[in-house]
Amino acid sequence: MSKKNKFYVTTPIYYVTAAPHLGTLYSTVLADVVSRWNKVLGKKTFFLTGTDEHGQKIAQAAQKTGKTPKEFVDSFIDAYKDVWKTYNIRYNHFIRTTDTAHVAVVQNWIKMLQDKGDIYKSSYEGWYCTPDEAFVLEKEVEEKPQEGKAPACPQCGRETTWVSEECYFFKLSKYQDKLLEFYKNNPDFFAPKERMQEVVNFVKSGLKDLSISRTTISWGIPFPGDEKHVAYVWADALNNYISAVGYGQADKKDEFDFWWPADLHVIGKDIVRFHAVYWPAFLMASGLELPKKLLVHGWITVDKQKMSKSLGNVIDPVVLAEKYGTDPLRYYFLRQLAINQDGDFSFKELEQRINSDLANDLGNLLNRMVTLAQKHNVENLQAPQSWSDAAQALQKECELTVKDFQKHMSGYSFHMALAVLWKFINKINAFFHAQEPWKLAKQDKDLFIQVLSATAHSLNAVATLLWSVMPTKMDDLFESLGVNFELGKKSLDTLFVWDKQFTLKKIETLFKKIEQEKMAEQKPKVEEKKVEKKVEEKKDQYIKIDDVVKVQLAVGTIEQAEEIEGSDKLLKLRVNCGDLGMRQVLAGVKKFYKSEELIGKQGTFVLNLKPRKMMGIESQGMMLFVQDQDGKLQMVTVAGPVANGAPLR
Ligand code: ME8
């Protein structure tokens, strides 16, 4: 196969300090959709994802749990792979930066740059942001920090630390002009294009050489020839994109020559500099081609705030999948969130999309068409010899939709592509309704078959275009039409050539509606009513069994516990309650428990207390303790391990 017909797409490799969350899922779904879409177009694709496992951030997180860094990162890998599997992420390779092959590639790459004279030894002094694993540039520290206080990281706002160490530098400054020339000649390198200017400004303001080794940490790839040093985590991590497809591995030369350069790196807006400045410079120094494009997406926020573990607003993709199914969430990501902006995640909007776009517009249409056909004993649906004017108009719409959809997908404007497709779905609905096929079935059999066939052809086009976004549901739709969907075999232009035969079959409802009373917006009202009722019943000295049942008591595992700055009582716990989700619970037991004593323990929790804030931090439940004879609070736990979320009876 010619190189022209290949597509190599990557996700960022994620720091494994916790299981994947909605943000990491978003990047990964975007890359999966792009990969699948290229398969639909008939390309041979390679989709790479994985985990970034070295560096100070991981070493520190591991230390808090008492595990070695390797034990710590190992403990999350299954969670990553399971979530990706649940969401039908069909990657070709999952790279870990602790893989032996990757380690060897990075070491040889460093040696090669040393031989070339692009790496030299010196020393570094300055501020370092551990959460971002980034050296903070002098020019970025706006104000002189107060005596004894570290400045905030200009990127993420978290506190930096002072680093002073001997290190190896990469001659980044040497590539300043070449980078500027590259941006000028390749404005399409950035999608969306608006991302380019900030990078150009940054490079124009002057590039300093980049420290690419650390001596004050040991969890990293040993620097060749000087094992006091380990490779700076970004110098290690960025190389995953080439090591995974065979760079520097003699037996994989053909593989590398075929796949490299990457066609698309999907990244969040937080890591643009690393991918648009450092990575191209590394590649220039290595004499390798540069990737064709960066797809930079915005943040998913929750209640307009960045999702973060410390804010306790991280949404667990596993819980969402159980409640809503994975394809609807994939659709929501692509339809609701514009790639170039931050987008607020909303349960209400997700449920509205499910009920309106998926269940009403698409699912019902299929159901109505197949049910009507069955009622009149039409199973094998032949294409008619001629089409009515209305059907021809729909066919023309189908053609325009296929072309417009392709145009928006190739510009990575997913929400526009889906908006165009839904306009067409609404037109199919309008056509079906206006033709009144339930009347035609008795009055004009030929016209009846035409309406069914036009609807089936239209739905076949919809399913083909939507398959990359909702693969499982669209496979069901194909099954209902009796279509054997062969990936990439036929040009998309055949979708508006209406000569196909369908074998209609009733399937289980394509998309289930979320019942009105269960919708997210209604929940708070329901809870308030319950509270009012409870107050009234308090007059009675005995409570009823119903009242006991109202208290949602369950077991959960404390996965994280940390102190709250300024509070001498509270500990902030991150509790895994299984199907009931992750909860942030504040417990006033700092006097009695060290945070590390609680991590990994199973406790008992009241989970339907109205959330309340203490020290500005929300508590989403209450942990149960009992006071012993010495006045110490002892946690109420279970005699043996039970499933998280198990209710107390
Ligand atoms: O930066 N909304 O790893 P990381 C949208 N290891 N996307 C989000 C998000 C959110 N709220 N939170 C995270 C690293 N992401 C490095 C990358 S690549 C060689 C090394 C996504 O675990 C987004 O893609 O901090 C972001 O760029 C990435 O996760 C950061 O993941």
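Preceding this section is the structure that the text describes.
Because the structure is a prediction, the values reported are computed rather than measured.

Whenever I open this one, the overall build of the protein chain confuses me. Can you help?
When helices and strands are tallied, the protein chain shows 21 helices and 27 strands. For the protein chain, the C-alpha radius of gyration of 29 Å lies close to 26 Å, the compact-globule estimate for 649 residues. Each of the three principal axes of the protein chain carries a C-alpha extent, and together these read 85 × 80 × 45 Å. Classification of the 649 residues of the protein chain by burial places 53% in the buried group. A separation of at least 24 residues holds for 75% of the contacts in the protein chain among residues at least 6 apart in sequence. Carbon and sulfur atoms make up 50% of the accessible area of the protein chain, which amounts to about 30,900 Å² in all.

I tried to follow the pattern of salt bridges on my own but got confused; where do I start?
Between side chains of opposite charge, pairing is possible as soon as their charged atoms come close. Applying the stated criterion across every chain yields a total of 32 salt bridges. With its nearest N and O atoms 2.8 Å apart, the salt bridge here joins lysine 6 to aspartate 263. Note that lysine 6 is positioned in strand S1 (residues 6-10) and aspartate 263 in the loop between helix H9 (253-259) and strand S12 (264-268), a separation of 257 residues in sequence. Exposure remark for aspartate 263: the relative accessible area of 9% places this residue in the buried category. Lysine 228 serves as the salt-bridge partner of glutamate 166, at 3.3 Å between the closest nitrogen and oxygen. A residue pair is termed long-range when its members are at least 10 positions apart, and glutamate 166 in strand S7 (residues 161-170) and lysine 228 in the loop between strand S10 (213-214) and strand S11 (230-231) qualify at 62 residues. Exposure remark for glutamate 166: the relative accessible area of 28% places this residue in the partly exposed category.

Is there a simple way to explain the site of the ligand in this structure?
Taken together, 23 residues are adjacent to the ligand, and Ile13, Ser27, Asp52, Asp270 and Trp299 come closest. Between tyrosine 15 and the ligand, the recorded distance is 2.9 Å, taken from a backbone N or O atom to an oxygen atom. Between glycine 268 and the ligand, the recorded distance is 3.0 Å, taken from a backbone N or O atom to an oxygen atom. In the complex, 93% of the free accessible area of the ligand, which totals 670 Å², lies under the protein chains. Residues that form the shell around the ligand fall into these classes: 12 nonpolar, nine polar and two charged.

What's the story with the pairing of strand S22 (residues 602-606) in this structure? I'm lost.
Regular strands place side chains that alternate from one sheet face to the opposite one. Taken across its five residues, S22 has five buried, putting it largely inside the fold. Pairing between strand S19 (residues 553-563) and S22: five bridges, direction antiparallel. Pairing of valine 555 across the sheet is with threonine 604, part of S22. In this sheet, strand S25 (residues 622-623) lies alongside S22 in antiparallel orientation, the contact comprising two bridges. In the sheet register, phenylalanine 605 faces S25, and the bridge partner there is methionine 623.

Is there a simple way to explain the packing of aromatic side chains in this structure?
Aromatic ring pairs are reported here in terms of the distance separating the ring centres and the angle at which the planes meet. The full count for this structure, using the stated rule, is 40 aromatic pairs. Ring centres of phenylalanine 432 and tryptophan 438 lie 6.5 Å apart, and the angle between their planes is 55°; on these two criteria the pair is classed as tilted. Phenylalanine 432 gets classed as buried once you look at its relative accessible area, which sits at 1%. Among the aromatic residues, those joined into a ring-pair cluster are Tyr8, Phe46, Tyr241, Tyr247, Phe256, Phe258, Trp259, Trp260 and Trp279. When the ring centre of tyrosine 593 is taken as reference, the NZ or CZ atom of lysine 632 above it lies at 4.6 Å.

Looking at this structure, I do not really get the pairing of strand S5 (residues 119-129). What am I missing?
Looking at chain direction, S5 and S7 are connected through 10 bridges and run antiparallel. Paired with lysine 121 across the strands is tyrosine 168, a residue of S7. Of the strand pairs in this sheet, S5 and strand S6 (residues 134-136) are connected by three bridges, and their pairing is antiparallel. Residue pairing for S6: tyrosine 128 is matched across the bridge by phenylalanine 135. Between the end of S5 and the start of S6, which pair antiparallel, lie four residues, with glutamate 133 showing a positive phi angle near 50°.

What should I look at first to understand the state of the cysteines in this one?
Cysteine pairs can be linked by a disulfide, which is a covalent bond between their two sulfur atoms. Considering all chains together, one arrives at zero disulfides under this definition. Cysteine 153 forms no disulfide, and the closest cysteine sulfur to it belongs to cysteine 129, at a distance of 3.7 Å. Take cysteine 153: its relative accessible area is 5%, and that puts it in the buried class. For the unlinked cysteine cysteine 167, the closest cysteine sulfur is that of cysteine 129, found at 18 Å.

Teacher, can you tell me more about the nonpolar core here?
One recurring pattern in soluble globular proteins: nonpolar side chains tend to sit buried together. Counting residues in each nonpolar core, the largest one holds 183 residues, and the members touching the most others are Tyr183 and Phe333. Core analysis: the second largest hydrophobic core is formed by 16 residues, Ala561, Val575, Val585 and Val589 among them.

Cut-offs and rules
Residues numbered from 1 in each chain as written. Predicted model: local features only at pLDDT ≥ 70, side-chain atom pairs only at ≥ 80, totals over all residues. Heavy atoms only, no water. Helix = DSSP H or I, 4+ residues; strand = E, 2+ residues; numbered from the N terminus. Rg over C-alpha atoms; globule rule 2.2 N^0.38 Å. Buried < 20%, exposed > 50% of the residue type's maximum accessible area, 1.4 Å probe, protein only. Contact = heavy atoms within 4.5 Å. Areas by Shrake-Rupley, 256 points an atom, 1.4 Å probe, with all protein chains shown as cover. Salt bridge = Lys/Arg side-chain N within 4 Å of Asp/Glu carboxyl O. Near = heavy atom within 4 Å. Polar contact = N/O pair within 3.5 Å; in protein donor to acceptor, adjacent residues only side chain to side chain. Nonpolar A, V, L, I, M, F, W, Y, C, P; charged D, E, K, R; others polar. Pairing = 2+ DSSP bridges. Phe/Tyr/Trp six-rings, centres within 6.5 Å; stacked < 30°, edge-to-face > 60°. Lys NZ or Arg CZ within 6 Å of the ring centre and 35° of its normal. Disulfide = S-S within 2.5 Å. Core = buried A, V, L, I, M, F, W, Y, C linked by side-chain atoms within 4.5 Å.

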